[in-house]
Every structure is written in structure tokens, then in C-alpha cells.
Amino acid sequence: MPLDLVLRDARVAGSEDRTVDIGIRDGRIATIGPDLAIDGPERQIGGRLVVPGFVETHIHLDKSCILDRCIIGLGTGQGAGEGTLAEAVAQTAAAKRLFTEEDIYARACRTLDKALVQGTTRMRTHVEIDPRIHLKGFNAIRRVKKDYAWAIDIEICVFPQEGLLNDPGCEELLVEACENGADLIGGCPYTDTDPDGHVGRIFLLARRFDLDVDFHLDFDLDPSWMRLDEVMRQTERFGWGGRVAVGHATKLSAIDSRALAAIGRRLAEVGVAVTVIPATDLFLMGRDHDHNVPRGVTPAHRLIQHGVTCSLATNNVLNPFTPFGDCSLIRMANLYANVAQVGGMAEIASCLDLVTTAAAKLMNLTDYGIAVGNPADIVVLDCTTARAAVAELAGPLLGFKRGTATFSRPGAMIHRPSGPR
Ligand SMILES: [Zn+2]
């Protein structure tokens, strides 16, 4: 039977020493092998690297692209003022009061268009729920999820950014979202007047609706205490191992390797995964330092050595938490490798896992990967090895979602002068 599409001469990340052909039928990978004698429309990949698309484990579509209005809102005209976490939370909360569903939808689409052309095919987006924004963000992102299903699989993590137990009416709205299509539930205990109580309530809701959990947590550099302890306790209490992730955990960048190993082993044992967010953590951490500013980026590659599931993620795009962003997860892997002083050939290559296979594991995706039977989510990078992808920021050239092309961008062309020089 003919195939719908055959990609010829591709290198699959992880087995890059040979090229293979990939046959696609009905949106799925039907066959993989060298020099396959199969019929169907062909695309020549030219020996380039292919990945199953990038996996964005932590992004905020609802509050992306608001930097301009935050500056106007503050009236400073100077940009993101102090650059502290407290300021970012306050500025965003103020801007959020003027959000409409259409506005959130439009900004989310703008951000998704960026993610799409950077090769992202799977995504977990956090969405804020509280009595001020009500379900506007949730409803907008639900529409976005449906309207972009042709290109990106999106899961929605609803969470109370401004606290839960200190915010009457918030839990009822979270429940309403959980009853109406939220894919998982998140928490943000650092903004709550009762942080441990916040963690406990989120676990109760997770159990009630059978949802995975993803917390924003330990987002400072004081290692003398960690909310992570409470999350691990509750994960065990609820039997939720393997279904819990935490984002940031920057405190883990402020402890020595022996302490990190002990916590890493415990995280692995309990089944709590960690998402490191290099751009935001670099921007917001260490603001009390005048010089010799700490990096504040948790060493994911070292936690992995202790068995922890880790990923790297974008988090925020063009807002007070991160006034940068192109949604490139390759850039995030490169930034992380540079900041975390990852220099060995294999180690640099392994940073690609943190935005592909390891990230998919964190999200408990069971159908991810370039393998027969999986959806034909395939992104071609302008390189031939995983190491080069990370080290040289290889550009995504062409992407497919379930076997259908979703974007293409030509590689750079050099116009050398002709004739004698
Ligand atoms: Zn976040």
C-alpha cells in the first residue's frame, strides 16, 4: 500500500550515525529504515537531523506579550523596573485586570505562531484562575487549544497565581475549570498566606479530578528551607508519584553537590519531576546582588544523574517575568548549557533531551518519539547531530504534525561575489 509521505535520508536524534527513510501513513509513522523500497510522495531531508518536535513543558500563553502595557501601566517608561519576582507578580496582576478573552486569545496565538516555527509540537501551558480574571484566560486558551490542534497538542494547567487560601472564590473557579476541560492543576504556594495549606488543597483537587500536578515553587535562592519537602510529603501521602512536577526550584541552585545529590535521590524516589526555566530564573534571581550576581539556574543535568525527570522550558515570553522570548527551545537548551557550564560533547548533546524526550517523560506522554506507530510529529533541524543542534543553535527548517507540514523556513543563503577576488 502506498504511503502518504516518505522522508528520505534523515538522521534520527539518538542514532545519528546512519540515515534512514521514514514512511508516513494516516498521520502516523508506518515504517523506518535505511533505503526503504516504498512508494509515496517523497521529501528529501539531505542527511539532516530530525526530532519528534520540541516539548514545551512550562509556558504561560495567557500572560505572554504584555510587556508594553506593563510599562505603560507603571508609568515608568523605563522597562521592567527592579526586575524582581515581586515586581513581576504585581505588574502582571495589574495588567491582568484589563485582559479580555479576545485579547488573551490574540496574544496566545501570536506566541503559538512563534512556538510553531521553532518546531514545538507539544505544550503544557499554565493558565491563571482567580476571582479577578475569572475564567477568561481559561476560556481563551481552550479556544486556542482547539484552533491550533492541527499544529500543537496543548494541555492546560489551571492554577492560582495570586494565592488560593487567601483568595475567597478562587477554589470554586478552579473546580469549575477542572469540570470543564482543564488537563491538570497547578499551584503557586509562594504567593499564598498559607503555603503548605495551598499545596494540600491542590493535591485534594488533583485527587478529586484525577489530574497531574505542576507547582511553581522554591523560587528564590535561600536554601535554608524548601517547599519541595512539603510537595514530596504530599506526593507520597496521595500516592501521586510520577504525576507531579515543579517549575523553577531555583533554591536547588544554591546548595552544594552533596546536598543536591541527596535531594535528587529523594525526588527520584518519590516521583517529583523538575522543570528548569533558564531565561526567567536568570532574569529574576539574585536581584539583591550589586555584583557577582548568582546564576540561579538549577543544574538539571546533575539532577538527572540522580534519576530525576527534568526538562527545560520557556515559561514567559515578553512580560515582566521575562522580557525576552522567541519560544525557541533550542535556544533554551543552548542558554542552559552555557549557563550551567555543560561542555562535554555528550553532555551538550544530552541538553537536547531536556527539550524533547525527557520533557515528554515529564508530561507523561506515551506516544512521543520517532518510532513506528507514533504520530508523525517530525521537525527537521539544520544540522546532523544533537550536539550541533544545541551548540550551534541549529534552526528548524521544516515541521510536520501528524504527517502534515505545519511550517517551513528556508536555510540561510550566502551570496558570495562572483569573479576574481
Ligand atoms: Zn511559570
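Our subject is the structure listed above.
In this text the structure is predicted, and so the values were computed from the model without any measurement.

A few words now on the coordination of the zinc ion. Reference values for coordination geometry: four tetrahedral donors around a metal ideally subtend 109.5 degrees, six octahedral donors ideally subtend 90 or 180 degrees. Each protein donor to the zinc ion is listed here as His58 (NE2), His60 (NE2), His216 (NE2) and Asn315 (OD1); together their distances run 2.0 to 2.3 Å. Of note is the zinc ion, whose four donor atoms meet at the metal with angles of 88 to 177° in an arrangement that counts as irregular.

The subject of this paragraph is the sheet that holds strand S10 (residues 212–217). Remark on secondary structure: sheet strands pair via backbone hydrogen bonds, oriented parallel or antiparallel. Read across the sheet, eight strands follow the order S6-S7-S8-S9-S10-S11-S12-S13 without closing on themselves; strand pairing throughout is parallel. Each of the sheet's edge strands pairs with one partner strand only, and the pair in question is strand S6 (54–59) and strand S13 (310–312). With direction set aside, neighbouring strand axes in the sheet form an average angle of 25°. Summarising the sheet, strand S9 (residues 184–187) and S10 pair through four bridges and their orientation is parallel. Bridge assignment links Ile185 to a residue of S10, and that residue is Val213. Sheet strands touched by helix H3 (residues 101–117): S6, strand S7 (120–128) and strand S8 (153–159). Its angle to S7, the strand with the most contacts, is close to 155°.

This next bit is on the pattern of salt bridges. Applying the stated criterion across every chain yields a total of 33 salt bridges. Here Lys145 makes a salt bridge to Asp183, at a shortest N to O gap of 2.8 Å. You can see Lys145 sitting in helix H4 (residues 136–147) and its partner Asp183 sitting in the loop between helix H5 (170–179) and S9, a full 38 residues away along the chain. Connected via shared salt-bridge partners are Lys63, Lys96, Glu128, Asp130, Arg132, Glu162 and Asp167.

The subject of this paragraph is the packing of H5 against helix H6 (residues 195–209). At a minimum axis separation of 11 Å, H5 and H6 run at an interaxial angle of 25°. On the basis of their axis angle, the class for H5 and H6 is roughly parallel. In the packing of H5 onto H6, the handedness of the crossing is right-handed. On H6, the residues that touch Glu171, Leu174, Val175, Cys178 and Glu179 of H5 are Arg201, Ile202, Leu205, Arg208 and Phe209. Here the residues of the contact of H5 with H6 sort into six nonpolar, no polar and four charged.

Moving on to the side chain of His248. Inspection of the secondary structure assignment puts His248 in strand S11 (residues 244–248). You can call His248 buried: its relative accessible area is 1%. Of the polar contacts made by the side chain of His248, one reaches the side chain of Asp281; its length is 2.8 Å. If we skip the residues at most four places from it in the chain, His248 touches His216, Leu217, Phe219, Thr275, Ile277, Thr280, Asp281, Thr298 and Asn315.

On to the environment of Asp9. Following the sequence through the fold, Asp9 ends up in strand S1 (residues 5–12). Measuring from C-alpha to C-alpha, the distance between Asp9 and Arg48 comes to 7.6 Å, with 39 residues separating the pair along the chain.

This part takes up the pairing of S6. Counting buried residues along S6, six of its six residues qualify, which places the element largely inside the surrounding structure. Sheet analysis places S6 next to S7, joined by four bridges and oriented parallel. Note that in S7 the partner of Ile59 across the bridge is Thr125.

Further remarks concern unusual backbone geometry. Residue Asp35 is not a glycine yet carries a positive backbone phi of 45°. Relative to the helices and strands, Asp35 resides in the loop between strand S3 (28–33) and strand S4 (42–44). The backbone of His248 shows a phi angle near 85°, a positive value even though the residue is not glycine.

All buried positions along helix H12 (residues 345–353) are accounted for by Ile348, Cys351 and Leu352. Taken around the axis of H12, the buried residues stretch over an arc of 110°, which confines them to a single face. The secondary structure elements touched by the buried residues of H12 are strand S5 (49–51), S6, S13, helix H11 (329–339) and helix H14 (386–391).

The interhelical angle for the contact between H3 and H4, taken along N-to-C directions, is 40°, at an axis separation of 8 Å. Taken together, the axes of H3 and H4 lie oblique to each other. Viewed along their axes, H3 and H4 form a crossing whose handedness is right-handed. On H4, the residues touching Glu101, Glu102, Ile104, Tyr105, Ala108, Cys109 and Leu112 of H3 are Lys136, Gly137, Asn139, Ala140, Ile141, Arg143, Val144 and Asp147. Class assignment for the residues of the contact of H3 with H4 results in eight nonpolar, two polar and five charged.

Given two aromatic rings, their pairing is described by the distance between the two centres and the angle made by the two planes. Per the stated rule, a full pass over the model turns up five aromatic pairs. Centroid distance Tyr148 to Trp150: 6.1 Å. Interplanar angle 25°. Geometry classified as stacked. Looking at Trp150, the relative accessible area reads 46%, which means it is partly exposed. Ring geometry for Phe203 versus Phe238: centroids 5.3 Å apart, planes at 25°, classification stacked. With Phe203 in helix H6 and Phe238 in helix H7 (residues 228–238), the pair connects residues that are 35 residues apart, well separated along the chain.

On to the side chain of Arg8. Note that Arg8 resides in strand S1. Its relative accessible area of 12% is what places Arg8 among the buried residues. Separated by 3.0 Å, the side chains of Arg8 and Glu42 make a polar contact.

Analysis parameters
Residues numbered from 1 in each chain as written. Predicted model: local features only at pLDDT ≥ 70, side-chain atom pairs only at ≥ 80, totals over all residues. Heavy atoms only, no water. Donors = N, O, S within 2.8 Å, 3.2 Å for Na, K, Ca; no water. Tetrahedral: all angles 85-135°; square planar, octahedral: opposite > 155°, others 65-115°. Pairing = 2+ DSSP bridges. Helix = DSSP H or I, 4+ residues; strand = E, 2+ residues; numbered from the N terminus. Axes fitted to C-alpha atoms, helices over the stretch in contact; angles between N-to-C directions. Contact = heavy atoms within 4.5 Å. Salt bridge = Lys/Arg side-chain N within 4 Å of Asp/Glu carboxyl O. Parallel < 35°, antiparallel > 145°, perpendicular 65-115°, else oblique. Left-handed = near helix turned anticlockwise from the far one by under 90°. Nonpolar A, V, L, I, M, F, W, Y, C, P; charged D, E, K, R; others polar. Buried < 20%, exposed > 50% of the residue type's maximum accessible area, 1.4 Å probe, protein only. Polar contact = N/O pair within 3.5 Å; in protein donor to acceptor, adjacent residues only side chain to side chain. Arc of directions from axis to C-beta. Phe/Tyr/Trp six-rings, centres within 6.5 Å; stacked < 30°, edge-to-face > 60°.

Without other data, these values stay purely geometric and don't point to any function.
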